[in-house]
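Topology and contacts: notes
One-letter residues, chain by chain:
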Amino acid sequence: MEAGHKQILRGVVVVSVSLCFVRFFAEKEKLQHPGYLLKFTMARTTTEANVNGEVVTVVDKLGELSVSEEEVTSEPSAPGTPETSVSSQPQYSFVPFEPHPGYPKSRISLVNRFIDQPRELRVAVIGGGLSGVLAGVLLPAKVPNIKLTIYEKNYDFGGTWLENVYPGVRCDIPSHVYQSTFEPKLDWSDQFAGGAEIRDYWQSVAKKHNVYRYARFHTKVEGLNWNDTESVWEVTIKNLQTGKTITEKADSVITAIGRFNAWKLPSYPGIAEYKGVLRHASHWDPSFDPSGKAVAVIGNGASGIQLVANLQPSVARLDHYVRNPTWIAASWAGDVRQAGPQPYSDEQIALFKSDPDAYLKFRKEMEDKYWRRFNAFFRGSKDSTELRERFTQIMHERLAKKQELIEHIVPDFSPNCRRLTPGPGYLEAISEPNVEYIRTRIRRFTETGIETEDGKERKVDAIFCATGANVSQVIPFPVIAKGKNLQDAWNPELKGKSDEHHGFPYTYLGVATPGFPNLFFLQGPHGTGPSGTVPHSAETQLTLLAKILRKLGREGIKSIVPSRKAADDFVEYSDAFFSSTVLTDNCSSWYNGGRPGARIHGIWPGSAGHLTVVRQHPRWEDWEYEYLGETGNRFQWYLGNGWTSREADPQSDMTPYLRRPGEKVELRDVHESWWNLP
Ligand SMILES: Cc1cc2nc3c(=O)[nH]c(=O)nc-3n(C[C@H](O)[C@H](O)[C@H](O)COP(=O)(O)OP(=O)(O)OC[C@H]3O[C@@H](n4cnc5c(N)ncnc54)[C@H](O)[C@@H]3O)c2cc1C
Ligand SMILES: NC(=O)c1ccc[n+]([C@@H]2O[C@H](COP(=O)([O-])OP(=O)(O)OC[C@H]3O[C@@H](n4cnc5c(N)ncnc54)[C@H](OP(=O)(O)O)[C@@H]3O)[C@@H](O)[C@H]2O)c1
């Protein structure tokens, strides 16, 4: 190197190219060392993304930069040019002149990063049901530089469909509708798949998309603590195999713990003394054969209804304990429901596999119906009235053998106040002589059975509690931030203790809650629309979460939290909306946390289409932010050195927006893709 060049470099502020802020300052000393230049080895990394069914390769980031000290041997490049070793000739930069002495001096110094190189984000997803699996597929595709961990207490993915193995467990939504939008399974064996086939499907999606690499099975999250100094969540996890508890850190946490996973046994006196087989429906013992036994089933939610229909033919006696009446729907959306299997024929499956157009038409027609049931949710609507008339007639017909049950089972409240249950075979089962339908309340459990409030004891070999889950949706582990526990804030028992004890899942759009930064809920409160499907809803919610996480990563946001005003406005809107619907009739449901008259939080205040639109466009003005760096300047980290990483890479495609002449361009999509930028 010529002495002149060495001289020029001395004292010159060479702009380093660093992936992260911290590293920039760590290397600052070295940068100013005379005679040396930082050399950055950049590996172009690619991500595959699924776009409109096509797998496209996205060059979205440059890889880890390595820093080495090396004597400068080449000619200087343009001022401010980021250094790369992509070409064999190392380049470097220098600034030959000071700015004009009259030019305003900035309070901040530049952070030397490319604008399109997001910081690494450690994201912890709690739960590996279908929501967690979809998170493992979609978040890595949509959030560059994410470091994902999925904590799952079970031994595998599947959630609801892994845990629930009671007789007759089956989806009440058609198989071809209850699946992801982007991984259609063409060979569902049954129109309404059994639990095991649904479990296998989601595990196969996880395998295909390599989601297992993010999984930490047998790992139960026992607590979350927000470290305000570091702006990270400390996640307390217990290894259920070793019993060891440790804490790990995450920049952001997404709960995907399911609404029905925290199942609970009832708390009747004497329950601990009962000597027979006692099981919750979600904790079935497959080794127990109820055939020929006397059994009790408590609860007439969807699980109880399925259990009764499936146990009745084989047991000697079945006592069915029911607190409240419920509607039995013919079907969800006009699909024919039968008590037994409704298999697809080999010919149908062969057609789906051989003719994609025929399959798409079939699925679209079937799925379309699930978006159109919304009007029946409005009190006094024509659809609601018609549903009531139709269901009443069907229930009378199906209870023909035991007409005396009608007054106990046909509700006063409107259909849809509780989630509808098609219940194929249920009314027929309770009409059989070996079933007793018991509306008298339970007083206590005895050693041998159940005693009702009229003093009558019914002895049984087994009691199956289909009593649902923790429908208050209070998160079943402490979530502490800034001295507050989210469990207390949402606990109905503590309602009104202070203005922060809401007594219900107080959220902003069901996705986050004030006071708890970087914490998001997936398929939690208000997670799904009254219409639509669960998998679609999980996908759109994840897409919203991906937008939020991209913002965190790209803009140097260390914390994001919804404002209290935004959450209050959402609650106020929800109250106005739900009061016009049948959901606020006098019924107990998981929509209202099992408390008639309590706020509806189980479902979105609007249609599924409405929810999809809301998730498409985040309202950034509803959030509060804290930025990386000491100065508080929101642009210091975000705008970086003024460059994009693509510009620094001579191999990159700077014109990805250009198309072949004649190629159809969807004008609404022009310049909309976040990944397709110069
Ligand atoms: C018996 C049953 C039948 C159902 N049938 C239908 C149906 O027919 N149609 C329909 O639309 N919906 C149905 N549902 C609702 C169903 O739960 C959802 O459709 C869907 O499966 C929810 O998926 P998820 O991933 O959000 O939650 P889940 O499937 O509940 O998964 C949550 C996961 O989180 C894990 N987890 C929870 N807490 C922790 C923790 N602390 N640490 C680590 N891991 C944790 C659990 O182990 C579980 O794997 C049914 C529910 C039940 C219980
Ligand atoms: N594919 C399916 O068909 C299917 C099957 C299972 C579940 N699911 C889904 O999972 C959801 C939850 O269903 P779920 O049946 O598990 O729960 P659920 O709908 O919450 O029903 C719980 C039932 O238990 C009763 N109950 C609760 N505590 C009780 C107590 N202490 N004593 C007596 N009865 C008690 C409730 O009675 P009250 O209502 O009177 O309080 C209710 O009938 C469903 O809504 C559905 O979304 C679907």
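Residues numbered from 1 in each chain as written. Chains lettered and ligands numbered in written order. Predicted model: local features only at pLDDT ≥ 70, side-chain atom pairs only at ≥ 80, totals over all residues. Heavy atoms only, no water.

Under an unreviewed UniProt entry, the name given to the protein chain is Flavin-binding monooxygenase, and the organism recorded is Neurospora crassa. Its UniProt record gives the protein chain the following Sequence similarities (unreviewed entry) comment, quoted word for word: "Belongs to the FAD-binding monooxygenase family." (UniProt positions renumbered as here; feature names shortened; annotations may be inferred.)

Notes on the overall build of the protein chain
Regarding its fold elements, the protein chain presents 18 helices and 24 strands. Expressed as a percentage of the 678 residues in the protein chain, the buried residues total 51%. Approximately 31300 Å² of the protein chain is accessible, and the part contributed by carbon and sulfur atoms is 52%. (Helix = DSSP H or I, 4+ residues; strand = E, 2+ residues; numbered from the N terminus. Buried < 20%, exposed > 50% of the residue type's maximum accessible area, 1.4 Å probe, protein only. Areas by Shrake-Rupley, 256 points an atom, 1.4 Å probe, with all protein chains shown as cover.)

Regarding the packing of aromatic side chains
Overall, the coordinates contain 32 aromatic pairs when judged by the stated rule. A ring pair is formed by Phe-378 and Phe-577, whose centres lie 5.8 Å apart and whose planes are at 80°; its orientation type is edge-to-face. Remark: Phe-577 occurs in helix α15 (residues 564-578) and Phe-378 occurs in the loop between α9 (356-368) and α10 (382-398); sequence separation between them is 199 residues. Look at Phe-577 and you get buried, because its relative accessible area is 12%. One aromatic cluster is present, built from ring pairs that chain together Phe-374, Phe-377, Phe-378, Tyr-573, Phe-577 and Phe-578. Residue placement shows Arg-113 over the ring face of Trp-637; its charged tip is 3.6 Å from the ring centre. Cation over ring: Lys-551 sits above Trp-620, and NZ or CZ is 4.6 Å from the ring centre. (Phe/Tyr/Trp six-rings, centres within 6.5 Å; stacked < 30°, edge-to-face > 60°. Lys NZ or Arg CZ within 6 Å of the ring centre and 35° of its normal.)

Considerations on the site of ligand 1
Close to ligand 1 lie 32 residues, the nearest being Ser-131, Glu-152, Thr-160, Asp-172 and Tyr-178. Lys-153 is positioned such that a nitrogen or oxygen atom in its side chain is 3.0 Å from an oxygen atom of ligand 1. In this structure, an oxygen atom belonging to ligand 1 sits 2.7 Å away from a side-chain N or O atom of Asp-172. Relative to its unbound accessible surface of 970 Å², ligand 1 loses 92% to contact with the protein. (Near = heavy atom within 4 Å. Polar contact = N/O pair within 3.5 Å; in protein donor to acceptor, adjacent residues only side chain to side chain.)

Quick look at the state of the cysteines
Within this structure, the stated rule accounts for one disulfide. Disulfide pairing places Cys-417 opposite Cys-587 at an S-S distance of 2.0 Å. With the S-S bond torsion at -95°, the cross-link from Cys-417 to Cys-587 turns out left-handed. Of the two residues, Cys-417 is situated in the loop between α11 (406-409) and α12 (426-430) and Cys-587 in the loop between α15 and α16 (608-616); the sequence distance between them amounts to 170 residues. The pair Cys-417 / Cys-587 is uniform in exposure class, with both members buried. (Disulfide = S-S within 2.5 Å.)

Quick look at the nonpolar core
Core analysis: the biggest nonpolar cluster contains 123 residues, and Leu-139, Leu-224, Trp-233, Tyr-426, Ile-430 and Leu-549 have the highest contact counts within it. Mapping this core onto the domain boundaries places at least three of its residues in each of domain 2 (121-262 + 471-562 + 604-627) and domain 3 (271-332 + 373-465). When sequence neighbours within four positions are dropped, the list of residues in contact with Leu-224 reads Ile-126, Trp-233, Glu-234, Val-235, Val-253, Phe-477, Pro-478, Val-479, Ile-480 and Leu-519. Ala-294, Ala-296, Ile-298 and Val-460 belong to the second largest nonpolar core, which has 14 residues in total. (Core = buried A, V, L, I, M, F, W, Y, C linked by side-chain atoms within 4.5 Å. Domains from an automatic or database assignment. Contact = heavy atoms within 4.5 Å.)

Some details on the sheet that holds strand β17 (residues 449-452)
With respect to topology, three strands assemble into an open sheet ordered β16-β17-β18, the strand pairing being antiparallel. Sheet topology places β16 (442-445) and β18 (457-459) at the edges, where each strand pairs with a single neighbour. Recorded for the sheet is a direction-independent mean angle of 25° between the axes of neighbouring strands. The pairing of β16 with β17 spans three bridges and is antiparallel. Across the sheet, residue Phe-445 finds its bridge partner in β17, namely Ile-450. (Pairing = 2+ DSSP bridges. Axes fitted to C-alpha atoms, helices over the stretch in contact; angles between N-to-C directions.)

Re the site of ligand 2
In the vicinity of ligand 2, 23 residues are found, and the nearest of them are Arg-170, Tyr-268, Arg-323, Asn-324 and Trp-590. One of the side-chain nitrogen or oxygen atoms of Asn-300 is found 2.8 Å away from an oxygen atom of ligand 2. Between ligand 2 and Trp-590, the relevant distance is 2.5 Å, taken from an oxygen atom to a side-chain nitrogen or oxygen of the residue. Here ligand 2, which alone exposes 910 Å², has 84% of that area covered by the protein. Element by element, the count of residues in the shell around ligand 2 is highest for helix α7 (residues 302-311), at three residues. Taken together, the residues of the shell around ligand 2 break down into nine nonpolar, nine polar and five charged. Mapping the shell around ligand 2 onto the domain boundaries places at least three of its residues in each of domain 2 (121-262 + 471-562 + 604-627) and domain 3 (271-332 + 373-465). (Nonpolar A, V, L, I, M, F, W, Y, C, P; charged D, E, K, R; others polar.)

So, the confidence of the model for the protein chain
Should pLDDT be low for a region, the predicted coordinates there are not to be read in detail. Per-residue confidence for the protein chain gives a mean pLDDT of 87; residues scoring 70 or more make up 85%. Contacts for the low-pLDDT stretch residues 1-90, under 50 throughout, to residues beyond four places or in other chains number 176 contacts. (pLDDT = per-residue confidence, 0-100.)

Looking at the pattern of salt bridges
Evaluation of the coordinates by the stated rule reveals 37 salt bridges. Put simply, Glu-621 and Arg-619 hold a salt bridge, and the shortest N to O gap is 3.4 Å. Look at the salt bridges and you will find they share partners, linking Lys-185, Asp-187, Glu-197 and Lys-353 into a network. (Salt bridge = Lys/Arg side-chain N within 4 Å of Asp/Glu carboxyl O.)

Concerning helix α4 (residues 130-142)
Taking 1.5 Å as the rise per residue, α4 with 13 residues should run 18 Å; its terminal C-alpha atoms sit 18 Å apart, in good agreement. Where α4 bends most, the angle comes to about 25°, and this point is Gly-136, followed within four residues by the proline Pro-140. Judged by how many residues are buried, α4 sits mostly within the fold: twelve of 13 residues are covered. (Expected span 1.5 Å × (residues − 1). Bend = angle between axes of the 7 residues up to and from the residue.)

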